[in-house]
Amino acid sequence: MDAQSQQAPAKKKETRGRKPKPKDEKQEEQQPQQGKIKKAHQQPSVDDKYSQWKSVVPVLYDWLSNHNLVWPSLSCRWGPQLEQATYKNRQRLYLSEQVNFLVAIESSLDEMFEFIVVQSFVDEELSTDGSVPNTLVIANCEVVKPRVAAAEHISQFNEEARSPFVKKYKTIIHPGEVNRIRELPQNTKIVATHTDSPDVLIWDVEAQPNRHAVFGATNSRPDLILTGHQDNAEFALAMCPTEPYVLSGGKDKSVVLWSIQDHISATATDPAATKSSGAGSIIKNTKSGEGNDKAANGPTVAPRGIYYGHEDTVEDVTFCPSSSQEFCSVGDDSCLILWDARVGSSPVIKVEKAHDADLHCVDWSPHDDNHILTGSADNSVRIFDRRNLTSDGVGAPIHKFEGHKAAVLCVQWSPDRSSVFGSSAEDGLLNIWDYEKVGKKAERANPSSPPGLFFQHAGHRDKIVDFHWNASDPWTIVSVSDDCDTTGGGGTLQIWRMSDLIYRPEEEVLAELEKFKSHVVACTSKA
């Protein structure tokens, strides 16, 4: 059995950011008609653009790590920082993976017997099941500190290899594909996941046992199961910055709110447990471990509220950073809706036409409660000021950013700068914007650049489905792409930090460069 036939991945569902084309259609695209050849020559290929990007990595980046994934991951999140050292910090990293054993096994002579045994086992399993386990991966990541990595080493990575900075720490066998991962800000060891079901699954990743993702293995048991949706809830998921609350949206057009503390008050019999603080105690009365093929082994929590106002699938949700009772949602109905749980289950404000197409993502500014960021299938990113929105659905964005050439899949504000945010899209680009730069003199000097755009990460060769700023190291970002369209399978995880010469104040940068002017001139004269 060759490597390709051994993988035999199951047919992928068609969702936003995951829209595979039929094989014959791909072949037609690879053989363009004569009238399209000229246009193809004018536009560089994905590989050409990637080669151009890689050639300038030592100039643009302070640090970059590339981690090849055998199977695509649809989400990536930073966990708690574990250790600080002189040159590197160690931190948890959460992602998902669908394990392919035959690729993972090293084909050394010492392991040849193991390879034969496992191959025979897999062949037998594939004949009856044909699937491989879905996993929630907890990894340890060594985050190199700023101005430590040598420039000549930054771009010397193998795209087909796994990063030496990312080491798998624990595997949880997940009931279904992991579509979304979100961590609880008050305790980042607690994460919520979305899969192809109506339920939200809560995991204490430290309490969960490490599992071996072998064929036929039973699913891990979630620590909590949040119920309330009437149809699949696949992507829209958020956790509250101020309270252990969880928010979700789904195909049933609803937004559902839970409090993890409701489980404590309903089931705690140990007085010591009830005195424990918030999110840290949610696991003390449950038993983590192995389950069966159904997720419904863990205790369930009913919702605090269910909110209706969307007319199509809810694609993303987010909390107001200063209130557990205020939140907003976006959906395939092109609507942006603001909610307040204190005043009922109907929308407080509903913007009927927030974008010109489906809305995929939303984020509420942690620096200014009035600013809400949205991304859409119309390829644009917009900022709304809720003070300008009215209950009759009227409201225009205060800023509109157009720098992507395909649907925007994820947006997030910077934890460090109030005017800075990122957006990733199906065009394989992760753009970093600063709305305070719009209209400034330096920007007007380069009219070809979209207003507000000051950095573009082009290290992925396919759609970037998720990214996350590192709150412990604010200019470090982890991003993940689903590479099925360009490579036929797998994904790429990248951890990167742009050079601080790009985002620091111009006066500081010029003063620093002046100090090294003589050295630069000397080097140039010798070249």
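Small disclaimer: the values here were computed from a predicted structure and weren't measured.

Caption draft 1: Local environment of the sheet that holds strand β10 (residues 224-226). Pairing is mixed across the open sheet formed by 5 strands, whose spatial order is β6-β7-β8-β10-β15. The sheet terminates laterally at β6 (180-184) and β15 (300-301), the two strands that pair on one side only. Pairing of β10 with β15 involves 2 bridges; the strand directions are parallel. Bridged to Leu226 within β15 is Val301.

Caption draft 2: Local environment of the sheet that holds strand β13 (residues 254-259). If you trace the 4 strands from one edge of the open sheet to the other, you get β11-β12-β13-β16, paired in antiparallel fashion. Either end of the sheet is taken by a strand with one partner, and the two such strands are β11 (237-239) and β16 (305-308). Averaged over all neighbouring strand pairs, the angle between strand axes comes to 15°, with direction disregarded. Two strands pair when backbone bridges link them, and β13 and β16 are joined in this way by 4 bridges, in the antiparallel orientation. In the sheet register, Val255 faces β16, and the bridge partner there is Tyr307.

Caption draft 3: Structural detail: unusual backbone geometry. A positive phi is found at Arg147, a non-glycine position, where the angle reads about 60°. Taking relative accessible area as the criterion, Arg147 reaches 46% and is therefore assigned partly exposed. The backbone phi angle of Ser334 is positive, close to 70°, even though this residue is not glycine. With respect to the secondary-structure elements, Ser334 resides in the loop between β18 (323-331) and β19 (336-340).

Caption draft 4: Quick peek at the nonpolar core. With 21 residues, the main nonpolar core has Tyr61, Ile432, Phe454 and Trp496 as its most contacted residues. Mapped by element, the contributors of at least two residues to this core are α4 (46-55), β1 (61-69), β27 (430-434), β28 (453-457), β29 (464-469) and β31 (491-498). With 3 residues, the single largest contributor to this core is β29. Not counting residues within four places of it along the chain, the set of residues in contact with Tyr61 comprises Trp53, Ile154, Phe455, Gln456, His457, Ala458, Trp496, Arg497, Met498 and Ser499. Counting residues in each nonpolar core, the second largest holds 19 residues, with Ala139, Leu409, Leu493 and Ile495 among its members.

Caption draft 5: Structural detail: the UniProt feature "repeat: WD" (unreviewed entry) in the chain. Following the UniProt record, the feature "repeat: WD" (unreviewed entry) maps to residues 307-349, 352-385 and 401-436 here. Annotation note: span residues 352-385, helix share 0%, strand share 50%, distance between end C-alpha atoms 15 Å. Taken end to end, residues 401-436 comprises 0% helix and 50% strand; its first and last C-alpha atoms sit 12 Å apart.

Caption draft 6: Summary view of the environment of Arg304. Mapped onto the fold, Arg304 is located in the loop between β15 and β16. Separated by 59 residues in the primary sequence, Arg304 and Tyr245 have C-alpha atoms spaced 9.5 Å apart. Once you skip the residues sitting within four places of it in the chain, Arg304 turns out to touch Tyr245, Leu257, Trp258, Ser259 and Asp262. In this structure the side chain of Arg304 is engaged in a polar contact, spanning 2.8 Å, whose partner is the side chain of Asp262.

Caption draft 7: Spotlight on the pairing of strand β23 (residues 381-385). Counting buried positions along β23 gives 5 out of 5 residues, so the element sits mostly inside the fold. Covered by surrounding structure in β23 are Val381, Ile383 and Asp385 together with Arg382 and Phe384, the residues of both alternating faces. The antiparallel hairpin formed by strand β22 (residues 371-376) and β23 contains 4 residues in its connecting segment, where Asn379 sits at a positive phi of about 75°. Here β23 runs beside strand β24 (residues 399-401); their pairing, made up of 3 bridges, is antiparallel. What sits directly across from Arg382, in β24, is Lys400.

Conventions we followed
Residues numbered from 1 in each chain as written. Predicted model: local features only at pLDDT ≥ 70, side-chain atom pairs only at ≥ 80, totals over all residues. Heavy atoms only, no water. Pairing = 2+ DSSP bridges. Helix = DSSP H or I, 4+ residues; strand = E, 2+ residues; numbered from the N terminus. Axes fitted to C-alpha atoms, helices over the stretch in contact; angles between N-to-C directions. Buried < 20%, exposed > 50% of the residue type's maximum accessible area, 1.4 Å probe, protein only. Core = buried A, V, L, I, M, F, W, Y, C linked by side-chain atoms within 4.5 Å. Contact = heavy atoms within 4.5 Å. UniProt positions renumbered as here; feature names shortened; annotations may be inferred. Polar contact = N/O pair within 3.5 Å; in protein donor to acceptor, adjacent residues only side chain to side chain.

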